[in-house]
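In case you want the letters, here they are:
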Amino acid sequence: MFYGCVGAFPIFLEIHAKQGDLVALSEWTVGEPLWMHNLGYHPDALERLGLPMPNQGSQRAPLITPIASETNYNRRIRRRMSLAFTADVPAGEEYRYKETIAINELLYDRASPITTGGDNGLRSERVAGTVYPTVKLRGLADNVVLWPNFVDRYLKIKSVRFLRVEAADELTLSYSFLTIGYSERFSGKAIIWQEALAPEPERRTHVNFENGQWVFRDGSNKIYDVH
């Protein structure tokens, strides 16, 4: 499977980045619409993550109650699936992933083809992957899991940023990164790195979880993003 995230920083939490690690952070674009399973957006799952209900105009809003006349039985199943995909599995208890593996086997291996055509631009009869809230970022971003054949057909690499993890503390949720290589040019499977980079302060990022928000600062300690 191809694992990614809607957002760059959650990747470092997902891979448990440590001081001294070197990470190649790639950015991809999707060439056309794809069917995706959206799991983990039941109100009970979002509440467990400490998230408020999304505003009516947000992208997540249609995922909260996706079926207008949903039966109680279906609602219970959707809740169980959502709680499974938003469970924080600690080290040593990886056996708990068996539940999500079983769910995916049902959703993909035993799923019927989807009717294509219409105005949505979807051409594939199969679901390309799964989207679910990232637990490590307390649900503030979404993880994406795709089947490799869909990646080969529909995804195109846009950039690669090579970073050194200068500091990482999972307890205090404090991180620092330095970009040591960057590329937007590719030749076949080769990455053509830029010869010149910006001054070091402009290539450094500090991230901290402060007062319930993620705060991003540059190398001069200037805040440039909060969410």
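Structural notes, computed from the coordinates. (Residues numbered from 1 in each chain as written. Predicted model: local features only at pLDDT ≥ 70, side-chain atom pairs only at ≥ 80, totals over all residues. Heavy atoms only, no water.)

Considering the sheet that holds strand β11 (residues 213-218)
Working definition: the strands of a sheet are paired by backbone hydrogen bonds and lie parallel or antiparallel to each other.
Thought 1: The sheet built from six strands is open, its strands ordered β2-β6-β7-β10-β11-β12 with antiparallel pairing. Edge positions in the sheet fall to β2 (22-30) and β12 (223-226), since each of these pairs with one other strand and no more. The average undirected angle you get between the axes of adjacent strands in this sheet is 30°.
Thought 2: Two elements, strand β6 (residues 155-169) and strand β7 (residues 174-183), share nine bridges in a ladder whose sense is antiparallel. Counterpart to D169 in the pairing with β7 is S174. (Pairing = 2+ DSSP bridges. Helix = DSSP H or I, 4+ residues; strand = E, 2+ residues; numbered from the N terminus. Axes fitted to C-alpha atoms, helices over the stretch in contact; angles between N-to-C directions.)

Regarding the sheet that holds strand β4 (residues 129-133)
Thought 1: With mixed pairing, four strands are arranged side by side in an open sheet as β1-β5-β4-β3. Each of the sheet's edge strands pairs with one partner strand only, and the pair in question is β1 (2-6) and β3 (36-38). Each neighbouring strand pair of the sheet contributes to a mean axis angle of 25°, computed without reference to strand direction.
Thought 2: Bridge count for β1 against strand β5 (residues 142-146) is five bridges, and the pairing is antiparallel. Counted as the bridge partner of Y3 is V145 from β5.

Topic: helix α5 (residues 98-109)
Thought 1: Taking 1.5 Å as the rise per residue, α5 with twelve residues should run 16 Å; its terminal C-alpha atoms sit 16 Å apart, in good agreement.
Thought 2: Along α5, the positions that sit buried rather than exposed are T100, I103, L107 and Y108. Looking straight down α5, one finds its buried side chains confined to an arc of 115°; they lie on one side. Facing away from the buried side of α5 by more than 90 degrees, the exposed set consists of K98 and D109.
Thought 3: Among the structural elements, β3, α4 (72-85) and β4 are those in contact with the buried residues of α5. (Expected span 1.5 Å × (residues − 1). Buried < 20%, exposed > 50% of the residue type's maximum accessible area, 1.4 Å probe, protein only. Arc of directions from axis to C-beta. Contact = heavy atoms within 4.5 Å.)

Section: the packing of aromatic side chains
The description of two aromatic rings rests on the distance between their centres and on the angle between their planes.
Thought 1: Taken as a whole, this structure holds 13 aromatic pairs when the rule is applied.
Thought 2: Taking the centre distance of 6.2 Å and the plane angle of 10° together, the rings of Y175 and F177 count as stacked.
Thought 3: The class of F177 is buried, set by a relative accessible area of 4%.
Thought 4: Pairwise contacts between aromatic rings join F9, F12, Y175, F177, F209, W214, F216 and Y224 into one cluster. (Phe/Tyr/Trp six-rings, centres within 6.5 Å; stacked < 30°, edge-to-face > 60°.)

Regarding α4
Thought 1: Here α4 spans 20 Å end to end across 14 residues, near enough to the 20 Å set by a 1.5 Å rise per residue.
Thought 2: Residues of α4 that are buried: R78, M81, S82, L83, A84 and F85.

Comments concerning the environment of K222
Thought 1: Among the structural elements, K222 can be located in the loop between β11 and β12.
Thought 2: Its relative accessible area of 58% is what places K222 among the exposed residues.
Thought 3: In this structure, K222 is in contact with F216 and R217, ignoring residues within four places of it in sequence.

Focus on unusual backbone geometry
Thought 1: Of note in the backbone geometry, L173 takes a positive phi value of approximately 55° without being a glycine.
Thought 2: Structurally, L173 is set in the loop between β6 and β7.
Thought 3: Under the relative-accessibility criterion, L173 is labelled buried at 12%.
Thought 4: With a phi close to 70°, N221 is a non-glycine residue in the positive phi region.
Thought 5: You can see N221 is positioned in the loop between β11 and β12.

Some details on a nonpolar patch on the surface
Thought 1: Side chains of M1, Y3 and W147 sit close together on the surface and give an oily, nonpolar patch of about 340 Å² of accessible area.
Thought 2: With respect to the element layout, W147 can be found in the loop between β5 and α6 (148-154).
Thought 3: With a relative accessible area of 31%, W147 lands in the partly exposed category. (Patch = residues over 30% accessible without salt bridge, like charges linked within 9 Å, V, L, I, M, F, W, Y side chains within 5 Å. Areas by Shrake-Rupley, 256 points an atom, 1.4 Å probe, with all protein chains shown as cover. Salt bridge = Lys/Arg side-chain N within 4 Å of Asp/Glu carboxyl O.)

Quick word on the environment of P43
Thought 1: By the element assignment, P43 lies in helix α2 (residues 43-48).
Thought 2: Not counting residues up to four positions away in its chain, the partners in contact with P43 are M53 and I64.

A closer look at the nonpolar core
The tendency in soluble globular proteins is for nonpolar side chains to be buried side by side.
Thought 1: F9, F12, F177, V207 and W214 are the most contacted members of the largest nonpolar core, which has 18 residues in total.
Thought 2: Those elements that provide at least two residues to this core are α1 (10-14), β2, β6, β7, β10 (204-210) and β11.
Thought 3: Excluding residues that lie within four positions of it along the chain, V207 makes contacts with F9, L173, S174, Y175, F177, W214, V215 and F216.
Thought 4: Among the nonpolar cores identified, the runner-up in size contains 14 residues, and V144, L146, V151 and L155 belong to it. (Core = buried A, V, L, I, M, F, W, Y, C linked by side-chain atoms within 4.5 Å.)

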